There are 2 protein chains.
Amino acid sequence: MSDIPDIVIGRLPVYLRELKRLAQEEGKVTTSSHELGKRLGISSAQIRKDLSHFGEFGKQGTGYHINYLVEKLQEILHLAHEWPVALVGAGYLGHALANYAGFQPRGFRIKWVFDINPEKIGAAIGDLTIQGINELRTTIARENVKMAIIAVPVSVAQEITDTLVEGGVKAILSYVPIHLEVPDNVQISYSDPVTQMQRMTYYLE
Amino acid sequence: MSDIPDIVIGRLPVYLRELKRLAQEEGKVTTSSHELGKRLGISSAQIRKDLSHFGEFGKQGTGYHINYLVEKLQEILHLAHEWPVALVGAGYLGHALANYAGFQPRGFRIKWVFDINPEKIGAAIGDLTIQGINELRTTIARENVKMAIIAVPVSVAQEITDTLVEGGVKAILSYVPIHLEVPDNVQISYSDPVTQMQRMTYYLE
(Lines give C-alpha, C1' and ligand atoms only; values in the text may rest on other atoms or scores of the structure.)
Protein backbone atom coordinates (compact mmCIF):
# COMPACT_ATOMS: atom_id res chain seq x y z
CA MET A 1 0.00 0.00 0.00
CA SER A 2 2.85 2.32 0.85
CA ASP A 3 6.60 1.88 1.06
CA ILE A 4 7.06 4.74 3.50
CA PRO A 5 8.00 3.39 6.94
CA ASP A 6 5.12 3.49 9.42
CA ILE A 7 7.38 5.23 11.94
CA VAL A 8 7.63 8.16 9.50
CA ILE A 9 3.83 8.25 9.15
CA GLY A 10 3.63 8.26 12.94
CA ARG A 11 5.66 11.47 13.16
CA LEU A 12 3.57 13.42 10.63
CA PRO A 13 0.67 14.04 13.06
CA VAL A 14 3.16 15.41 15.59
CA TYR A 15 4.59 17.81 12.98
CA LEU A 16 1.07 18.82 12.01
CA ARG A 17 0.09 19.46 15.63
CA GLU A 18 3.14 21.63 16.28
CA LEU A 19 2.79 23.56 13.00
CA LYS A 20 -0.79 24.47 13.91
CA ARG A 21 0.34 25.65 17.33
CA LEU A 22 3.04 27.81 15.71
CA ALA A 23 0.48 29.43 13.44
CA GLN A 24 -2.46 29.72 15.82
CA GLU A 25 -0.80 30.48 19.13
CA GLU A 26 2.28 32.34 18.02
CA GLY A 27 1.04 33.86 14.80
CA LYS A 28 3.99 32.56 12.80
CA VAL A 29 3.78 32.37 8.99
CA THR A 30 6.98 30.48 8.22
CA THR A 31 9.20 28.08 10.10
CA SER A 32 12.26 25.91 9.51
CA SER A 33 13.10 22.26 10.12
CA HIS A 34 15.55 23.62 12.70
CA GLU A 35 12.87 25.53 14.64
CA LEU A 36 10.35 22.72 14.39
CA GLY A 37 12.94 20.14 15.45
CA LYS A 38 14.03 22.20 18.43
CA ARG A 39 10.44 22.49 19.62
CA LEU A 40 9.85 18.75 19.25
CA GLY A 41 13.17 17.33 20.38
CA ILE A 42 13.69 15.81 16.91
CA SER A 43 16.70 16.54 14.66
CA SER A 44 16.10 18.91 11.76
CA ALA A 45 17.68 16.32 9.44
CA GLN A 46 15.06 13.78 10.52
CA ILE A 47 12.23 16.21 9.79
CA ARG A 48 13.60 17.09 6.34
CA LYS A 49 14.07 13.42 5.53
CA ASP A 50 10.56 12.50 6.71
CA LEU A 51 8.94 15.26 4.66
CA SER A 52 11.06 14.50 1.58
CA HIS A 53 9.11 11.26 1.13
CA PHE A 54 6.12 13.37 0.10
CA GLY A 55 7.64 16.15 -1.99
CA GLU A 56 9.41 19.49 -1.70
CA PHE A 57 7.74 21.65 0.93
CA GLY A 58 10.41 24.15 1.88
CA LYS A 59 12.95 26.40 0.22
CA GLN A 60 16.58 26.74 1.20
CA GLY A 61 16.82 29.93 3.25
CA THR A 62 13.12 30.73 3.57
CA GLY A 63 11.98 27.45 5.15
CA TYR A 64 8.38 26.24 5.21
CA HIS A 65 5.21 28.26 4.75
CA ILE A 66 3.27 26.92 7.70
CA ASN A 67 -0.23 27.09 6.24
CA TYR A 68 0.89 25.37 3.06
CA LEU A 69 2.66 22.58 4.95
CA VAL A 70 -0.34 22.15 7.27
CA GLU A 71 -2.61 21.78 4.25
CA LYS A 72 -0.27 19.26 2.61
CA LEU A 73 0.09 17.18 5.77
CA GLN A 74 -3.68 17.14 6.19
CA GLU A 75 -4.01 15.89 2.60
CA ILE A 76 -1.37 13.19 3.13
CA LEU A 77 -3.08 12.03 6.33
CA HIS A 78 -6.54 12.14 4.69
CA LEU A 79 -7.85 14.85 6.97
CA ALA A 80 -9.42 17.06 4.31
CA HIS A 81 -12.81 15.89 5.52
CA GLU A 82 -13.90 15.24 9.10
CA TRP A 83 -13.98 11.57 10.16
CA PRO A 84 -17.09 10.51 12.06
CA VAL A 85 -16.19 8.15 14.90
CA ALA A 86 -18.16 5.57 16.88
CA LEU A 87 -17.29 5.22 20.56
CA VAL A 88 -17.99 1.93 22.29
CA GLY A 89 -18.02 2.06 26.10
CA ALA A 90 -19.62 4.78 28.18
CA GLY A 91 -17.75 4.29 31.46
CA TYR A 92 -15.48 6.90 33.03
CA LEU A 93 -13.08 6.82 30.08
CA GLY A 94 -15.92 6.81 27.54
CA HIS A 95 -17.31 9.92 29.18
CA ALA A 96 -13.91 11.60 29.07
CA LEU A 97 -13.56 10.77 25.37
CA ALA A 98 -17.11 11.83 24.48
CA ASN A 99 -16.52 15.16 26.19
CA TYR A 100 -13.00 15.72 24.83
CA ALA A 101 -12.85 19.00 22.91
CA GLY A 102 -9.64 18.07 21.12
CA PHE A 103 -11.07 15.80 18.42
CA GLN A 104 -13.02 18.21 16.28
CA PRO A 105 -10.33 20.83 15.59
CA ARG A 106 -8.07 17.99 14.43
CA GLY A 107 -10.35 16.10 12.07
CA PHE A 108 -12.55 13.75 14.11
CA ARG A 109 -15.99 13.82 15.67
CA ILE A 110 -17.54 11.22 17.92
CA LYS A 111 -21.06 10.87 16.54
CA TRP A 112 -22.29 7.64 18.16
CA VAL A 113 -21.80 6.16 21.62
CA PHE A 114 -22.66 2.58 22.51
CA ASP A 115 -22.72 0.72 25.79
CA ILE A 116 -23.52 -2.82 26.84
CA ASN A 117 -25.20 -1.82 30.11
CA PRO A 118 -29.00 -1.57 29.61
CA GLU A 119 -29.21 1.01 32.40
CA LYS A 120 -27.04 3.42 30.44
CA ILE A 121 -28.94 3.14 27.16
CA GLY A 122 -30.87 6.29 26.35
CA ALA A 123 -28.81 8.43 28.73
CA ALA A 124 -27.13 11.56 27.40
CA ILE A 125 -23.39 11.94 27.07
CA GLY A 126 -22.61 15.45 25.90
CA ASP A 127 -24.86 15.99 22.87
CA LEU A 128 -25.18 12.26 22.19
CA THR A 129 -27.54 9.56 23.37
CA ILE A 130 -26.09 6.22 24.44
CA GLN A 131 -27.25 3.38 22.19
CA GLY A 132 -27.37 -0.30 23.02
CA ILE A 133 -24.60 -2.58 21.81
CA ASN A 134 -27.17 -4.59 19.84
CA GLU A 135 -27.48 -1.60 17.49
CA LEU A 136 -23.72 -1.40 16.96
CA ARG A 137 -23.31 -3.45 13.82
CA THR A 138 -26.32 -2.11 11.95
CA THR A 139 -25.54 1.51 12.81
CA ILE A 140 -21.90 1.16 11.74
CA ALA A 141 -22.90 -0.41 8.45
CA ARG A 142 -25.79 1.96 7.70
CA GLU A 143 -23.80 5.10 8.50
CA ASN A 144 -20.69 3.80 6.75
CA VAL A 145 -18.53 4.39 9.83
CA LYS A 146 -14.85 3.68 9.21
CA MET A 147 -13.35 4.60 12.57
CA ALA A 148 -14.13 3.51 16.13
CA ILE A 149 -12.75 3.94 19.63
CA ILE A 150 -13.24 1.17 22.18
CA ALA A 151 -13.14 1.65 25.94
CA VAL A 152 -14.80 -1.53 27.16
CA PRO A 153 -13.92 -4.33 29.60
CA VAL A 154 -11.28 -6.87 28.54
CA SER A 155 -13.86 -9.67 28.61
CA VAL A 156 -15.93 -8.25 25.72
CA ALA A 157 -13.24 -6.43 23.74
CA GLN A 158 -12.53 -9.06 21.07
CA GLU A 159 -16.23 -9.67 20.43
CA ILE A 160 -16.89 -5.96 20.02
CA THR A 161 -13.85 -5.63 17.76
CA ASP A 162 -15.21 -8.44 15.58
CA THR A 163 -18.59 -6.69 15.39
CA LEU A 164 -16.94 -3.42 14.37
CA VAL A 165 -14.95 -5.16 11.66
CA GLU A 166 -18.04 -6.99 10.38
CA GLY A 167 -19.86 -3.66 10.21
CA GLY A 168 -17.11 -2.19 8.04
CA VAL A 169 -14.86 -0.29 10.47
CA LYS A 170 -11.31 0.05 9.12
CA ALA A 171 -9.49 1.76 12.00
CA ILE A 172 -9.80 1.15 15.74
CA LEU A 173 -8.24 2.98 18.65
CA SER A 174 -8.34 0.60 21.60
CA TYR A 175 -8.06 1.58 25.26
CA VAL A 176 -8.41 -2.06 26.27
CA PRO A 177 -5.16 -3.49 27.69
CA ILE A 178 -4.98 -6.63 25.54
CA HIS A 179 -3.86 -7.48 22.03
CA LEU A 180 -6.86 -7.70 19.67
CA GLU A 181 -7.11 -9.70 16.46
CA VAL A 182 -8.10 -7.78 13.34
CA PRO A 183 -7.78 -8.59 9.63
CA ASP A 184 -4.79 -7.18 7.74
CA ASN A 185 -6.91 -4.50 6.09
CA VAL A 186 -7.99 -3.05 9.44
CA GLN A 187 -5.76 -0.63 11.36
CA ILE A 188 -5.55 -0.90 15.13
CA SER A 189 -3.76 1.33 17.59
CA TYR A 190 -3.50 0.81 21.35
CA SER A 191 -3.46 3.15 24.29
CA ASP A 192 -2.46 1.56 27.60
CA PRO A 193 -1.09 3.88 30.29
CA VAL A 194 0.47 1.01 32.22
CA THR A 195 2.68 -0.25 29.38
CA GLN A 196 3.85 3.35 28.91
CA MET A 197 4.59 3.71 32.63
CA GLN A 198 6.38 0.35 32.84
CA ARG A 199 8.59 1.36 29.93
CA MET A 200 9.64 4.41 31.95
CA THR A 201 10.25 2.62 35.28
CA TYR A 202 12.89 0.52 33.49
CA TYR A 203 15.03 3.67 33.41
CA LEU A 204 14.41 4.60 37.06
CA GLU A 205 16.35 3.26 40.04
CA MET B 1 22.49 4.08 31.18
CA SER B 2 21.58 1.10 29.02
CA ASP B 3 22.62 -0.05 25.58
CA ILE B 4 19.43 -2.00 24.97
CA PRO B 5 17.27 -0.24 22.36
CA ASP B 6 14.31 1.60 23.85
CA ILE B 7 12.01 -0.13 21.37
CA VAL B 8 12.94 -3.46 22.99
CA ILE B 9 12.19 -2.03 26.44
CA GLY B 10 8.84 -0.87 25.06
CA ARG B 11 7.85 -4.43 24.14
CA LEU B 12 8.66 -5.96 27.54
CA PRO B 13 5.51 -4.56 29.25
CA VAL B 14 3.43 -6.07 26.43
CA TYR B 15 5.06 -9.48 26.94
CA LEU B 16 4.51 -9.15 30.70
CA ARG B 17 0.85 -8.25 30.23
CA GLU B 18 0.19 -11.21 27.96
CA LEU B 19 2.13 -13.67 30.15
CA LYS B 20 0.00 -12.69 33.15
CA ARG B 21 -3.16 -13.21 31.09
CA LEU B 22 -1.94 -16.64 30.04
CA ALA B 23 -1.36 -17.61 33.67
CA GLN B 24 -4.34 -15.94 35.30
CA GLU B 25 -7.07 -16.36 32.72
CA GLU B 26 -6.04 -19.57 31.05
CA GLY B 27 -4.22 -21.27 33.91
CA LYS B 28 -1.15 -21.97 31.81
CA VAL B 29 2.16 -22.78 33.49
CA THR B 30 4.50 -22.75 30.51
CA THR B 31 4.50 -21.08 27.12
CA SER B 32 6.76 -20.67 24.09
CA SER B 33 7.98 -17.71 22.06
CA HIS B 34 5.84 -19.16 19.27
CA GLU B 35 2.63 -19.13 21.33
CA LEU B 36 3.35 -15.72 22.82
CA GLY B 37 4.21 -14.30 19.42
CA LYS B 38 1.08 -15.65 17.82
CA ARG B 39 -1.06 -14.06 20.52
CA LEU B 40 0.66 -10.70 20.12
CA GLY B 41 1.20 -10.55 16.36
CA ILE B 42 4.97 -10.47 16.90
CA SER B 43 7.42 -13.00 15.46
CA SER B 44 8.78 -15.63 17.82
CA ALA B 45 12.32 -14.72 16.69
CA GLN B 46 11.73 -11.13 17.78
CA ILE B 47 10.58 -12.23 21.21
CA ARG B 48 13.56 -14.55 21.69
CA LYS B 49 15.95 -11.81 20.57
CA ASP B 50 14.35 -9.22 22.86
CA LEU B 51 14.52 -11.50 25.90
CA SER B 52 18.08 -12.63 25.12
CA HIS B 53 19.29 -9.15 26.06
CA PHE B 54 18.48 -10.00 29.66
CA GLY B 55 19.53 -13.65 30.00
CA GLU B 56 18.36 -17.17 29.33
CA PHE B 57 14.72 -17.55 30.30
CA GLY B 58 13.57 -20.55 28.32
CA LYS B 59 14.75 -24.01 27.46
CA GLN B 60 14.78 -25.58 24.01
CA GLY B 61 11.74 -27.83 23.88
CA THR B 62 10.08 -26.88 27.17
CA GLY B 63 9.77 -23.14 26.58
CA TYR B 64 9.26 -20.56 29.30
CA HIS B 65 7.96 -21.07 32.81
CA ILE B 66 5.44 -18.26 32.89
CA ASN B 67 5.69 -17.35 36.58
CA TYR B 68 9.46 -17.25 36.41
CA LEU B 69 9.47 -15.06 33.30
CA VAL B 70 6.82 -12.76 34.82
CA GLU B 71 8.98 -12.36 37.92
CA LYS B 72 12.08 -11.65 35.84
CA LEU B 73 10.32 -9.11 33.63
CA GLN B 74 8.95 -7.36 36.72
CA GLU B 75 12.50 -7.18 38.11
CA ILE B 76 13.90 -5.83 34.85
CA LEU B 77 11.15 -3.19 34.67
CA HIS B 78 11.59 -2.30 38.37
CA LEU B 79 8.13 -3.41 39.34
CA ALA B 80 9.07 -5.41 42.43
CA HIS B 81 7.55 -2.62 44.52
CA GLU B 82 4.45 -0.57 43.79
CA TRP B 83 5.07 2.91 42.38
CA PRO B 84 3.02 5.67 43.99
CA VAL B 85 1.81 8.14 41.36
CA ALA B 86 0.65 11.75 41.51
CA LEU B 87 -2.15 12.74 39.14
CA VAL B 88 -2.46 16.37 38.08
CA GLY B 89 -5.80 17.37 36.59
CA ALA B 90 -9.19 16.30 37.89
CA GLY B 91 -11.32 16.87 34.80
CA TYR B 92 -13.15 14.11 32.92
CA LEU B 93 -9.92 12.32 32.04
CA GLY B 94 -8.50 12.80 35.53
CA HIS B 95 -11.61 11.17 36.96
CA ALA B 96 -11.29 8.27 34.55
CA LEU B 97 -7.63 7.78 35.52
CA ALA B 98 -8.29 8.10 39.26
CA ASN B 99 -11.02 5.47 39.00
CA TYR B 100 -9.11 3.12 36.69
CA ALA B 101 -8.80 -0.32 38.29
CA GLY B 102 -5.97 -1.36 35.98
CA PHE B 103 -3.08 0.42 37.68
CA GLN B 104 -2.77 -1.45 40.95
CA PRO B 105 -2.54 -5.03 39.66
CA ARG B 106 0.27 -3.87 37.38
CA GLY B 107 2.50 -1.97 39.76
CA PHE B 108 1.12 1.56 40.15
CA ARG B 109 -1.20 3.39 42.50
CA ILE B 110 -2.47 6.94 42.17
CA LYS B 111 -2.08 8.32 45.68
CA TRP B 112 -2.47 12.08 45.16
CA VAL B 113 -4.70 14.14 42.87
CA PHE B 114 -4.18 17.84 42.23
CA ASP B 115 -6.25 20.42 40.39
CA ILE B 116 -5.87 24.10 39.65
CA ASN B 117 -9.58 24.88 40.03
CA PRO B 118 -10.27 26.14 43.59
CA GLU B 119 -13.83 24.83 43.36
CA LYS B 120 -12.58 21.25 42.99
CA ILE B 121 -10.15 21.36 45.91
CA GLY B 122 -11.31 19.23 48.81
CA ALA B 123 -13.71 17.21 46.66
CA ALA B 124 -13.44 13.43 46.66
CA ILE B 125 -12.29 11.41 43.65
CA GLY B 126 -12.54 7.73 44.47
CA ASP B 127 -10.76 7.36 47.83
CA LEU B 128 -8.69 10.50 47.32
CA THR B 129 -9.21 14.16 48.11
CA ILE B 130 -8.32 16.71 45.44
CA GLN B 131 -5.49 18.99 46.56
CA GLY B 132 -4.70 22.46 45.25
CA ILE B 133 -1.93 22.90 42.72
CA ASN B 134 -0.08 25.15 45.17
CA GLU B 135 0.61 22.05 47.26
CA LEU B 136 2.01 20.12 44.28
CA ARG B 137 5.69 20.83 44.63
CA THR B 138 5.92 20.41 48.39
CA THR B 139 3.87 17.21 48.40
CA ILE B 140 5.94 15.66 45.61
CA ALA B 141 9.18 16.52 47.38
CA ARG B 142 8.03 15.48 50.86
CA GLU B 143 6.56 12.15 49.71
CA ASN B 144 9.48 11.44 47.38
CA VAL B 145 7.15 10.91 44.41
CA LYS B 146 8.98 9.80 41.28
CA MET B 147 6.10 9.34 38.85
CA ALA B 148 3.26 11.60 37.74
CA ILE B 149 0.43 11.67 35.23
CA ILE B 150 -0.74 14.98 33.82
CA ALA B 151 -4.17 15.60 32.33
CA VAL B 152 -4.33 19.40 32.35
CA PRO B 153 -5.02 22.11 29.78
CA VAL B 154 -2.31 22.89 27.22
CA SER B 155 -1.90 26.41 28.61
CA VAL B 156 -0.55 25.24 31.99
CA ALA B 157 1.11 21.96 31.01
CA GLN B 158 4.72 23.16 30.74
CA GLU B 159 4.54 25.07 34.01
CA ILE B 160 3.14 22.03 35.82
CA THR B 161 5.78 19.82 34.22
CA ASP B 162 8.48 22.19 35.50
CA THR B 163 6.98 22.05 38.99
CA LEU B 164 6.94 18.26 38.94
CA VAL B 165 10.57 18.14 37.82
CA GLU B 166 11.60 20.65 40.50
CA GLY B 167 9.84 18.50 43.08
CA GLY B 168 11.86 15.46 42.02
CA VAL B 169 9.57 13.57 39.62
CA LYS B 170 11.55 11.39 37.19
CA ALA B 171 8.84 9.99 34.92
CA ILE B 172 5.77 11.71 33.49
CA LEU B 173 2.90 10.31 31.47
CA SER B 174 1.33 13.24 29.65
CA TYR B 175 -2.17 13.34 28.18
CA VAL B 176 -1.59 16.90 27.03
CA PRO B 177 -1.35 17.16 23.23
CA ILE B 178 1.89 19.18 23.07
CA HIS B 179 5.59 18.43 23.30
CA LEU B 180 6.89 19.21 26.80
CA GLU B 181 10.44 20.11 27.76
CA VAL B 182 12.06 17.99 30.46
CA PRO B 183 15.71 17.48 31.49
CA ASP B 184 17.57 14.47 30.06
CA ASN B 185 17.30 12.58 33.35
CA VAL B 186 13.48 12.74 33.32
CA GLN B 187 11.41 10.28 31.28
CA ILE B 188 8.33 11.49 29.47
CA SER B 189 5.74 9.54 27.54
CA TYR B 190 2.77 10.94 25.63
CA SER B 191 -0.75 9.75 25.05
CA ASP B 192 -2.67 11.66 22.38
CA PRO B 193 -5.61 9.86 20.74
CA VAL B 194 -5.63 12.22 17.78
CA THR B 195 -2.05 11.57 16.69
CA GLN B 196 -2.84 7.86 16.90
CA MET B 197 -6.00 8.28 14.82
CA GLN B 198 -4.29 10.46 12.22
CA ARG B 199 -1.60 7.83 11.81
CA MET B 200 -4.35 5.36 10.93
CA THR B 201 -6.29 7.59 8.52
CA TYR B 202 -3.15 7.76 6.37
CA TYR B 203 -3.84 4.13 5.45
CA LEU B 204 -7.55 4.65 4.76
CA GLU B 205 -9.01 5.86 1.50
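Residues numbered from 1 in each chain as written. Chains lettered and ligands numbered in written order. Predicted model: local features only at pLDDT ≥ 70, side-chain atom pairs only at ≥ 80, totals over all residues. Heavy atoms only, no water.

1. Considering the relation of the copies chain B and chain A
Here is step 1: Least-squares fitting of chain B to chain A yields an RMSD of 0.0 Å, with the superposition described by an axial translation of 0.0 Å and a rotation of 180 degrees. With respect to symmetry, the two chain copies, as superposed, fit the operation of a two-fold axis. (Least-squares fit on C-alpha atoms with pLDDT ≥ 70 in both.)

2. Remarks on unusual backbone geometry
Trans peptide bonds make up most of the peptide bonds, and negative phi angles are found at most residues other than glycine.
Here is step 1: The phi dihedral of Asn144 of chain A is positive, around 60 degrees, even though this residue is not glycine.
Here is step 2: Mapped onto the secondary structure, Asn144 of chain A falls in the loop between helix 6 (136-143) and strand 8 (147-150). (Helix = DSSP H or I, 4+ residues; strand = E, 2+ residues; numbered from the N terminus.)

3. Here we look at helix 2 (residues 33-40) of chain B
Residues and elements named next belong to chain B.
Here is step 1: For helix 2, every residue scored as buried is listed here: Ser33, Leu36, Gly37, Arg39 and Leu40. Projected onto a plane normal to the axis of helix 2, the buried residues spread over an arc of 165 degrees and lie on a single side. Along helix 2, the residues that are exposed and aim more than 90 degrees away from the buried face are His34 and Lys38.
Here is step 2: On its buried face, helix 2 is in contact with helix 1 (6-26), strand 1 (30-31), helix 3 (44-52) and strand 3 (63-65).
Here is step 3: One or two positions beyond helix 2, positive phi appears at Gly41, with a value near 65 degrees. (Buried < 20%, exposed > 50% of the residue type's maximum accessible area, 1.4 Å probe, protein only. Arc of directions from axis to C-beta. Contact = heavy atoms within 4.5 Å.)

4. Topic: the confidence of the model for chain A
Here is step 1: Considering every residue of chain A, the mean pLDDT works out to 95; 99% of them sit at 70 or more.
Here is step 2: For this predicted complex, the interface confidence reaches an ipTM of 0.96, while the overall pTM sits at 0.96. (pLDDT = per-residue confidence, 0-100.)

5. Overview of the pairing of strand 4 (residues 83-88) of chain A
Residues and elements named next belong to chain A.
Here is step 1: With five of six residues buried, strand 4 lies mostly within the body of the structure.
Here is step 2: Note that strand 4 and strand 5 (residues 108-115) share six bridges and pair parallel. Of the residues in strand 5, the one forming a bridge with Pro84 is Arg109.
Here is step 3: Regarding topology, helix 5 (residues 92-98) serves as the crossover connection from strand 4 to the parallel strand 5, and that connection is right-handed.
Here is step 4: Where strand 4 and strand 8 come together, four bridges link them in parallel fashion. Bridge assignment links Ala86 to a residue of strand 8, and that residue is Ala148. (Pairing = 2+ DSSP bridges. Right-handed = clockwise from strand over helix to strand, strands pointing away.)

6. Concerning the interface of chain B and chain A
Here is step 1: If you look at the interface, chain B gives 65 residues, while chain A gives 65 residues.
Here is step 2: Of the roughly 5900 Å² buried where chain B meets chain A, counting both sides, 64% is carbon and sulfur surface.
Here is step 3: Summed over the shared surface of chain B and chain A, the number is six salt bridges.
Here is step 4: Measuring nitrogen to oxygen at the nearest pair gives 2.8 Å for the salt bridge that ties Asp192 of chain A to Arg17 of chain B.
Here is step 5: Joining chain B to chain A, the criterion identifies 27 residue pairs in polar contact (both at pLDDT 80 or more). (Buried area = accessible area lost by both parts, 1.4 Å probe. Salt bridge = Lys/Arg side-chain N within 4 Å of Asp/Glu carboxyl O. Polar contact = N/O pair within 3.5 Å; in protein donor to acceptor, adjacent residues only side chain to side chain.)

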